[in-house]
Amino acid sequence: MPKNNRTQKVALVTGGAKRIGEAVCRALARSGYSIALHYSTSGVEAEQAAKRIYKEGGVCATFACDLADAHATEDLVPCVLEEFGRLDALVNSASIFEKSTLAEGSLDVWDRHFAVNLKAPYVLMRSFAHYAKQGSIVNILDTHVSRSKTTYAAYLLSKKTLGELTKMAAVEFAPRIRVNAVAPGIILPPASQKSGYLDRLVRQVPLQRKGSVENIAHAVLFLLENDYVTGQVIFEDGGEHLI
Ligand SMILES: NC(=O)c1ccc[n+]([C@@H]2O[C@H](COP(=O)([O-])OP(=O)(O)OC[C@H]3O[C@@H](n4cnc5c(N)ncnc54)[C@H](OP(=O)(O)O)[C@@H]3O)[C@@H](O)[C@H]2O)c1
């Protein structure tokens, strides 16, 4: 059970059960945030992640929500507030990542990417701005937002647009709320691929190695804590966006 005494800051992290989202939850918990860990299908992993946070002395409660459902998504921030009584930070990390080109790719693939990767972060940001007196939002993009490769066209366009939304929200929600983004490069292989999949890709990266989930968590924490930064994107990608 969460034991937040309402003096501790609270962070909502979407897709917090596994991988990058989980690392962000742990890093924020270690920095003193109580964690509202959102998940969708990974209920078991979410409870395991929450237990790891308790073991390290942190506070965490889990919240299930299908972010493809905009109405359910609208209820998420109020549910967190009911549990913790306050909300100070939002990290939009949950995402889907499926192949589709411009010529080939069903409209269903487009709809799902735009619902989960763009509309849900928008609904949560709007809700956050409505309920939170002040705070900070970090959206997770992708280093490829600086390019126009179309192998994952729907995914990439949803992330590019989330990047634009980050800047617009930074203007509209200022001065109460800061909005920034982290654009990861090669961190973890897609769940369907083995880690060897990344070895070939990293040779093209200026720093010639992949990054870690902790690198991403570190960048998120920096943006949450640095109170004179808004509308920024940190490319946490070993320089990949430069080439
Ligand atoms: N991995 C990388 O190297 C990399 C590179 C560039 C950018 N990124 C970005 O970094 C972020 C995290 O990456 P990741 O690889 O850790 O992500 P991931 O494993 O692909 O997905 C993170 C979570 O998104 C959640 N999600 C998917 N569909 C959902 C839905 N309909 N409703 C609610 N939640 C949903 C899933 O939660 P459940 O499991 O609970 O269903 C999943 O665990 C993403 O935004 C990704 O685009 C990652």
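Scope of this entry: the structure provided in the associated data block. (Residues numbered from 1 in each chain as written. Predicted model: local features only at pLDDT ≥ 70, side-chain atom pairs only at ≥ 80, totals over all residues. Heavy atoms only, no water.)

### Some remarks on the site of the ligand
Moving on, step 1. Taken together, 27 residues form the shell around the ligand, and within it Arg19, Ser40, Thr41, Ser42 and Lys159 come nearest.
Moving on, step 2. Contacts to the ligand include Ser40, whose backbone N or O atom sits 2.7 Å from an oxygen atom.
Moving on, step 3. In isolation the ligand offers 890 Å² of accessible surface; the protein chains occlude 86% of this area.
Moving on, step 4. For the shell around the ligand, the per-class residue count stands at 14 nonpolar, eight polar and five charged. (Near = heavy atom within 4 Å. Polar contact = N/O pair within 3.5 Å; in protein donor to acceptor, adjacent residues only side chain to side chain. Areas by Shrake-Rupley, 256 points an atom, 1.4 Å probe, with all protein chains shown as cover. Nonpolar A, V, L, I, M, F, W, Y, C, P; charged D, E, K, R; others polar.)

### Concerning helix H1 (residues 19-30)
The α-helix advances 3.6 residues per turn, and as a result positions three or four apart in sequence lie on the same side.
Moving on, step 1. Its 12 residues place the ends of H1 17 Å apart at the C-alpha level, agreeing with the 16 Å of an ideal helix rising 1.5 Å per residue.
Moving on, step 2. Most of H1 is tucked away: nine of the 12 residues are buried.
Moving on, step 3. Among the residues of H1, Ile20, Gly21, Glu22, Ala23, Val24, Cys25, Ala27, Leu28 and Ala29 are the ones counted as buried.
Moving on, step 4. In this structure, the buried residues of H1 make contact with strand S1 (10-13), strand S2 (34-39), helix H2 (43-55), strand S4 (89-92) and helix H8 (213-225).
Moving on, step 5. In the segment just after H1, Gly32 is the residue with positive phi, at about 105°. (Helix = DSSP H or I, 4+ residues; strand = E, 2+ residues; numbered from the N terminus. Expected span 1.5 Å × (residues − 1). Buried < 20%, exposed > 50% of the residue type's maximum accessible area, 1.4 Å probe, protein only. Contact = heavy atoms within 4.5 Å.)

### Some details on the sheet that holds strand S3 (residues 60-64)
Moving on, step 1. Reading across from one edge, S3-S2-S1-S4-S5-S6-S7 is the order of the seven strands in this open sheet, with parallel pairing throughout. Each edge of the sheet is formed by a strand with only one pairing partner; in this case those strands are S3 and strand S7 (233-236). Adjacent strand axes in the sheet meet at a mean angle of 20°, parallel and antiparallel pairs treated alike.
Moving on, step 2. In this sheet, S3 lies alongside S2 in parallel orientation, the contact comprising five bridges. Across the sheet, Ala36 pairs through a bridge with Ala61, a residue of S3. (Pairing = 2+ DSSP bridges. Axes fitted to C-alpha atoms, helices over the stretch in contact; angles between N-to-C directions.)

### Points about H8
Moving on, step 1. Here H8 is 13 residues long and its end C-alpha atoms lie 19 Å apart, about the 18 Å a rise of 1.5 Å per residue gives.
Moving on, step 2. By the burial criterion, the buried members of H8 are Val213, Ile216, Ala217, Ala219, Val220, Leu221, Leu223 and Leu224.
Moving on, step 3. Its buried side turned inward, H8 meets H1, S4, strand S5 (135-140), strand S6 (177-184) and S7.

### Looking at the environment of Asn92
Moving on, step 1. Here Asn92 lies in strand S4.
Moving on, step 2. Filtering out sequence-adjacent residues up to four positions away, Asn92 remains in contact with Thr14, Pro121, Leu124, Met125, Ile137, Val138, Asn139 and Ile140.
Moving on, step 3. At a separation of 2.8 Å, a polar atom in the side chain of Asn92 contacts the side chain of Asn139.

### A look at the side chain of Ser100
Moving on, step 1. Examined against the element boundaries, Ser100 turns out to sit in the loop between S4 and helix H5 (107-131).
Moving on, step 2. Among the polar contacts made by the side chain of Ser100, one reaches the main-chain amide nitrogen of Ala154 at a distance of 3.3 Å.
Moving on, step 3. Apart from the residues lying within four places of it in its own chain, the contact partners of Ser100 are Gly105, Val109, Thr150, Thr151, Tyr152, Ala153 and Ala154.

### Focus on the side chain of Thr143
Moving on, step 1. With respect to the element layout, Thr143 can be found in the loop between S5 and helix H6 (153-172).
Moving on, step 2. Excluding residues that lie within four positions of it along the chain, Thr143 makes contacts with Ala183, Pro184, Gly185, Phe235, Asp237, Glu240 and His241.

### Considerations on the environment of Gly57
Moving on, step 1. On the secondary structure map, Gly57 appears in the loop between H2 and S3.
Moving on, step 2. Along the backbone, Gly57 and Gly32 are 25 residues apart, and their C-alpha atoms lie at a distance of 9.6 Å.

### Some thoughts on the pairing of S6
Moving on, step 1. Summarising burial for S6: eight of the eight residues are buried, a large majority.
Moving on, step 2. By the alternation rule, side chains of S6 split into Ile177, Val179, Ala181 and Ala183 and Arg178, Asn180, Val182 and Pro184, which are all buried.
Moving on, step 3. Direction of pairing for S5 relative to S6: parallel, over a ladder of six bridges. Bridged to Ser136 within S6 is Arg178.
Moving on, step 4. Taking the sense of rotation as the criterion, the β-α-β connection linking S5, H6 and S6 turns out right-handed. (Right-handed = clockwise from strand over helix to strand, strands pointing away.)

### Section: the pattern of salt bridges
Moving on, step 1. Within this structure, the stated rule accounts for nine salt bridges.
Moving on, step 2. A salt bridge links Asp108 to Arg112, with the nearest nitrogen and oxygen atoms 3.3 Å apart. One end of the pair, Asp108, and the other, Arg112, are both in helix H5, four residues apart, so they sit about a helical turn from each other.
Moving on, step 3. Given the relative accessible area of 31%, Arg112 is considered partly exposed.
Moving on, step 4. A salt bridge links Arg147 to Glu240; the shortest N-O distance between them is 3.8 Å. Within this pair, whereas Arg147 is found in the loop between S5 and H6, its partner Glu240 is found in the segment after S7, the two being separated by 93 residues in sequence.
Moving on, step 5. The structure contains a network of salt bridges with shared partners spanning Arg26, Arg30 and Glu56. (Salt bridge = Lys/Arg side-chain N within 4 Å of Asp/Glu carboxyl O.)

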